[in-house]
Amino acid sequence: MKVPIVPRREPERPPEVPATQEHRFPCDACGGDMRFDPGQDRLVCDHCGNTAPLPSSRAPIREIAIDEGLRASGNVEQEETRVLSCPNCGATVEFDPAIHAAECPFCATPVVTDTGVNRHIKPAAVIPFVLREPQAYDAMNDWLGRLWFAPNGLQQYARKGRKMSGIYVPFWTYDAQTDSSYTGQRGDIYYVTQTVMRDGKPVQVQVPRTRWTPVRGRVARFFDDVVILASRSLPKSHTDALQPWDMAALSPYAPQYLAGFRAEAYQVDLEAGLVEARAHMEAVIARDVRMDIGGDQQQITTLDTRLSDVTFKHVLLPVWVAAYKYRGQSYRFVVNGQTGRVQGERPYSKWKIALAVLAALIVAAIVGLIAAQAR
């Protein structure tokens, strides 16, 4: 499928960037740091229990034209945040400037912070955390309890109450109007009667044949919020398994949502995300074409798609992350901070697998013995 590529212009002077963002909000009662309270539209102070409502915003979430984002001189709002880059997994995560040593929330690698500054497109929207940490921990432990052949030691280690990290993971969303023209062939199955010999006797059978008819046509589809992961810190299979996200819950970005949580900077840039989004669109359009052709079988010979009104958003989605070191290996678990869906890595217990194989062999031997005696 041919898709026009937006031309990139020579870099010009970038727009001014606001001062480095710090997501800290002092309590007006005791001066302590307030944090966002998951599931509630408020900030709460853990020191004195004081609460403060979030500022209400009815501003629409802006969809930005793709050429504005791809141009170095595009009028896209930027921000700078203090970040730490993990030397092991490459995660780029915001850290409090007061922290001088930490552990990477994605792989549990001990790191000494060397705080730098990351300049990036400012998020347009966020899905706030709904699950609190204890709820995320319960979801993870329930998931671990259902795993077959997981070492008992890992479950015991995971249940020691080790703290999980609440992280806003970066994503891109893309909208696009598509208009596709195609040529191909429609296959309709029909049957013919043939006589074949079976056991020395002639038998009539129905043999399928396919009648191919040339076709051409057009299909159109509007893609709304094609969600593309903009992080490389976690396996894509993990984050894909956390879907679906309720994108209707997106709220206009406000730094208060990040208070008490971390936010990861995107590592997949806007253009690379667009390439992945196009691949997703191509697959859906090909399915639409096959449905439009109809029949029992379809062949697509040519498919030419024109994209228009392409827009994007940079959004942050909530994920609880737990990273454990078990016998020298790192294992990561992620929990959808909106729905509680869990995905993770796990080792296998060789002893449990060996016992299961031995039990299966014993059962097979018993069944064979009973069958032999019955004969």
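Look above for the structure.
## Focus on the side chain of Ser 231
Along the chain, Ser 231 turns up in the loop between β13 (201-229) and α4 (236-241). Side-chain polar atoms of Ser 231 contact the backbone nitrogen of Ser 233, separated by 3.1 Å. Looking at Ser 231, its side chain comes within polar contact range of the side chain of Glu 264, at 2.8 Å. Not counting the four nearest positions on each side in its chain, Ser 231 is found in contact with Val 169, Pro 170, Glu 264, Gln 267 and Val 268.

## As for empty space enclosed by the protein
Using the criterion set out here, one finds two cavities of 30 Å³ or more in the structure. What the largest cavity holds in volume is close to 60 Å³. Every residue lining the largest cavity is listed: Glu 79, Glu 94, His 120, Pro 123, Ala 263, Glu 264, Ala 265, His 314 and Leu 316. Split into classes, the residues belonging to the lining of the largest cavity amount to four nonpolar, two polar and three charged.

## Quick look at the pairing of strand β2 (residues 33-36)
Burial of β2 is one-sided: the residues Met 34 and Phe 36 facing one way are buried, the residues Asp 33 and Arg 35 facing the other way are not. With two bridges connecting them, strand β1 (residues 25-26) and β2 associate as antiparallel partners. When the bridges of β2 are listed, Phe 25 appears paired with Met 34. Linking β1 to β2, which pair antiparallel, is a turn of six residues; within it Gly 31 sits at a positive phi near 85 degrees. In this structure, β2 lies alongside strand β3 (residues 42-45), joined through three bridges in antiparallel fashion.

## Quick look at unusual backbone geometry
Excluding glycine, residues mostly have negative phi values, and the peptide bonds linking residues are mostly trans. That bond from Gln 243 to Pro 244 is cis: its omega, 5 degrees, falls within 30 degrees of zero. By the element assignment, Pro 244 lies in the loop between α4 and β14 (251-252). Here Asp 199, not a glycine, exhibits a phi torsion of approximately 55 degrees, which is positive. For Asp 199, a relative accessible area of 81% corresponds to the exposed category. Within the chain, Asp 225 stands out as a residue other than glycine whose phi angle is a positive 55 degrees. If you trace the backbone, Asp 225 turns up in strand β13.

About the criteria used
Residues numbered from 1 in each chain as written. Predicted model: local features only at pLDDT ≥ 70, side-chain atom pairs only at ≥ 80, totals over all residues. Heavy atoms only, no water. Helix = DSSP H or I, 4+ residues; strand = E, 2+ residues; numbered from the N terminus. Polar contact = N/O pair within 3.5 Å; in protein donor to acceptor, adjacent residues only side chain to side chain. Contact = heavy atoms within 4.5 Å. 1 Å grid on protein atoms, 1.4 Å probe; cavity = no way out; pocket = protein on both sides within 12 Å on 5 of 7 lines; lining within 4 Å. Points joined across faces, edges and corners; volume = space filled by probe spheres on them. Nonpolar A, V, L, I, M, F, W, Y, C, P; charged D, E, K, R; others polar. Buried < 20%, exposed > 50% of the residue type's maximum accessible area, 1.4 Å probe, protein only. Pairing = 2+ DSSP bridges.

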